[in-house]
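Structural features, examined
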Amino acid sequence: MTTATTDSTQSGTESPAILKKAREQVLEKGIPLNYEDTLEVLKIDDEHLDELLDIAHQVRLRWCGDAVEMEGIISLQTGGCPEDCHFCAQSGLFESPVRSVQLDIAQLIEAAKQTAKTGATEFCIVAAVKGPDEDLMQQMENAVDAIQAEVDINVAASIGILTQEQVDRLKKAGVHRYNHNLETARSYFPEVVTTHTWEERINTLEMVRDAGMEVCCGGIVGMGETVEQRAEFAMDLQRLNPTEVPMNFFDPRPGTPFSHLEPMEANEALKTIGAFRLALPQVMLRFAGGRELTLGDLGAEKGMLGGINAVIVGNYLTTLGRPAERDIDMLGKLQLPIKALNATL
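Predicted, not measured: the structure shown is a model, and the values here were computed from it.

1. A short note on the confidence of the model for the protein
Residues shown with low pLDDT carry predicted positions that ought not to be read at fine detail. Looking at the protein, the pLDDT average stands at 89 and 88% of residues meet or exceed 70. For the stretch residues 1–11, pLDDT sits under 50, and the model shows 29 contacts to residues farther than four places along the chain or on other chains. A low-confidence stretch, residues 315–320 stays under pLDDT 50, and its non-local contacts, those more than four residues away or across chains, total 21 contacts.

Written out as structure tokens, the structure reads:
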């Protein structure tokens with residue numbers, strides 16, 4: 001198991017007060033940082049970045065353990081979405097190059113088998129829709145049943161905004177975890193999406209949690225939000241208390257309203273990882289889309305030793321990821337074990 005030091009910064013300079021507080025409050029007691037403290041961490045100078053990541057890694061080891069959960073995702077229905085999420089190439093409202101594609105159950109089963117071979121314990125089926133119609137619900141129910149009959153893997157779903165009846169049906173079908181990202185802070189959400197509300201997303205997540213499915217909820221950082229809104233987003237997630245928080249880093253997609261925005265700088269992304277771990281000490285914090293562009297190989301290793309304890313392996317929905325073998329090799333190099341199926345964090 002990879003361990004971390006407990007000294008101050010390698011340069012010998014004194015630790016900032018906020019990092020001393022993080023050690024005493026989050027590491028020792030498991031009490032998450034509040035908004036003001038999270039904002040201060042996000043604004044920390046680069047000189048103390050390594051110390052921040054070191055503390056975040058210790059927090060992750062103490063409160064989550066050393067195992068890394070691996071997950072594969074696949075799009076059952078790609079493109080043609082009626083929503084206007086400004087970052088997303090799957091919207092049918094934008095001039096993006098993504099074409100509409102649908103998969104059949106045989107293809108989903110094969111994808112689940114290949115995902116399981118990597119050591120992943122979670123397989124998430126995604127559809128680009130505002131919410132499922134009856135045909136999609138029946139596809140999901142049939143797919144979950146078929147996968148569970150042939151593959152030893154947990155099946156998750158991400159098919160948009162749900163009604164209570166749809167939540168109940170997915171639970172009955174055997175969906176283990178439901179993903180529905182808030183995407184960004186409540187105050188910035190209207191700048192990102194106008195065709196539905198932040199409150200609609202929260203309502204779905206609360207129904208999922210109340211039904212007994214695990215809640216997976218994160219978003220994308222670096223979409224033009226302020227650092228204050230980034231801290232606000234961490235607090236939004238803290239109040240929701242999800243099982244898993246996917247951390248996506250903005251990757252500009254051609255033809256979308258946000259295509260002109262620049263990706264985050266690597267150090268800002270790493271500070272965000274560390275700050276979110278200190279604000280969410282016991283959640284599964286997952287590397288998701290954009291890490292390859294924003295962080296590269298070295299930055300990904302820093303993130304894995306800076307609070308991350310879960311990884312999406314393979315490709316994402318509209319962007320390429322890393323081969324699963326590279327992530328497995330990275331975890332071996334860092335001496336971080338892969339979480340076994342049905343193990344607890």
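2. Things to note about the packing of helix H6 (residues 164–173) against helix H8 (residues 198–211)
The interhelical angle for the contact between H6 and H8, taken along N-to-C directions, is 40°, at an axis separation of 10 Å. As the angle between them shows, H6 and H8 are arranged oblique. Crossing of H6 over H8 shows right-handed handedness. Facing H6, whose interface residues are Gln 164, Val 167 and Lys 171, H8 presents Met 207, Val 208 and Ala 211. Residue classes in the contact of H6 with H8 are distributed as 4 nonpolar, 1 polar and 1 charged.

3. Some thoughts on helix H1 (residues 17–27)
Of all the residues in H1, the buried ones are Ile 18, Leu 19, Ala 22, Arg 23, Gln 25, Val 26 and Leu 27. Where H1 is buried, its residues meet helix H2 (35–42), helix H3 (49–64) and helix H10 (266–279).

4. Regarding the side chain of Thr 256
Mapped onto the elements of the fold, Thr 256 is located in the loop between strand S8 (244–249) and H10. Judged by its relative accessible area of 5%, Thr 256 falls in the buried class. From its side chain, Thr 256 meets the backbone oxygen of Arg 253 in a polar contact 2.7 Å long.

5. Topic: empty space enclosed by the protein
To locate leftover empty space, one rolls a probe as large as a water molecule over the atoms. Enumeration over the complete set of coordinates arrives at 2 cavities of 30 Å³ or more. In this structure, the second largest cavity encloses a volume near 30 Å³. What lines the second largest cavity is Gly 218, Gly 219, Val 221, Phe 233, Leu 237, Val 245, Pro 246, Met 247, Asn 248 and Phe 276. Listing elements by their share of the lining of the second largest cavity, those giving two or more residues are strand S7 (219–221), helix H9 (227–240) and S8. Top contributing element to the lining of the second largest cavity by residue count: S8, with 4 residues. Considered class by class, the residues forming the lining of the second largest cavity number 7 nonpolar, 3 polar and no charged.

Rules behind the numbers
- Within each chain, residue numbers correspond to sequence positions counted from 1 in written order.
- Two thresholds apply to this predicted model, a pLDDT of at least 70 for residue-level local features and 80 or more for giving and counting side-chain atom pairs, whereas whole-chain, interface and lining totals are computed over all residues.
- Neither water nor hydrogens contribute to the side-chain values; these are computed over all heavy atoms in the structure.
- What pLDDT expresses is the predictor's confidence in each residue, scored from 0 to 100.
- Two residues form a contact once any of their heavy atoms are found within 4.5 Å.
- In this analysis, axes come from line fits to C-alpha atoms, helices being fitted only over the stretch in contact, and the angle between any two N-to-C directions falls in the range 0 to 180 degrees.
- Only DSSP runs of H or I covering at least 4 residues are called helices, and only runs of E covering at least 2 are called strands; the numbering of each starts at the N terminus.
- Any angle from 65 to 115 degrees is called roughly perpendicular, while one under 35 is roughly parallel, one over 145 is roughly antiparallel, and all others are oblique.
- By definition, any crossing whose near helix is turned counterclockwise from its far helix by less than a right angle is left-handed, and any crossing with a clockwise turn is right-handed.
- Only Asp, Glu, Lys and Arg are considered charged in this grouping, and only Ala, Val, Leu, Ile, Met, Phe, Trp, Tyr, Cys and Pro are considered nonpolar; every other residue, Gly among them, is considered polar.
- Think of it in three bands: with a 1.4 Å probe and only protein chains considered, a residue is buried below 20% of the maximum accessible area for its type, exposed above 50%, and partly exposed in between.
- Two N or O atoms form a polar contact when they lie within 3.5 Å of each other; inside protein one atom must be a possible hydrogen donor and the other a possible acceptor, and for residues adjacent in sequence the pair counts only when both atoms belong to side chains.
- Each cavity reported here is a set of points on a 1 Å grid over the protein atoms alone in which a 1.4 Å probe fits but cannot get out, each pocket an open set with protein on both sides within 12 Å along at least five of seven lines, and each lining residue one with an atom within 4 Å of a point.
- Grid points are joined across faces, edges and corners, and a volume is the space filled by probe spheres set on the points.

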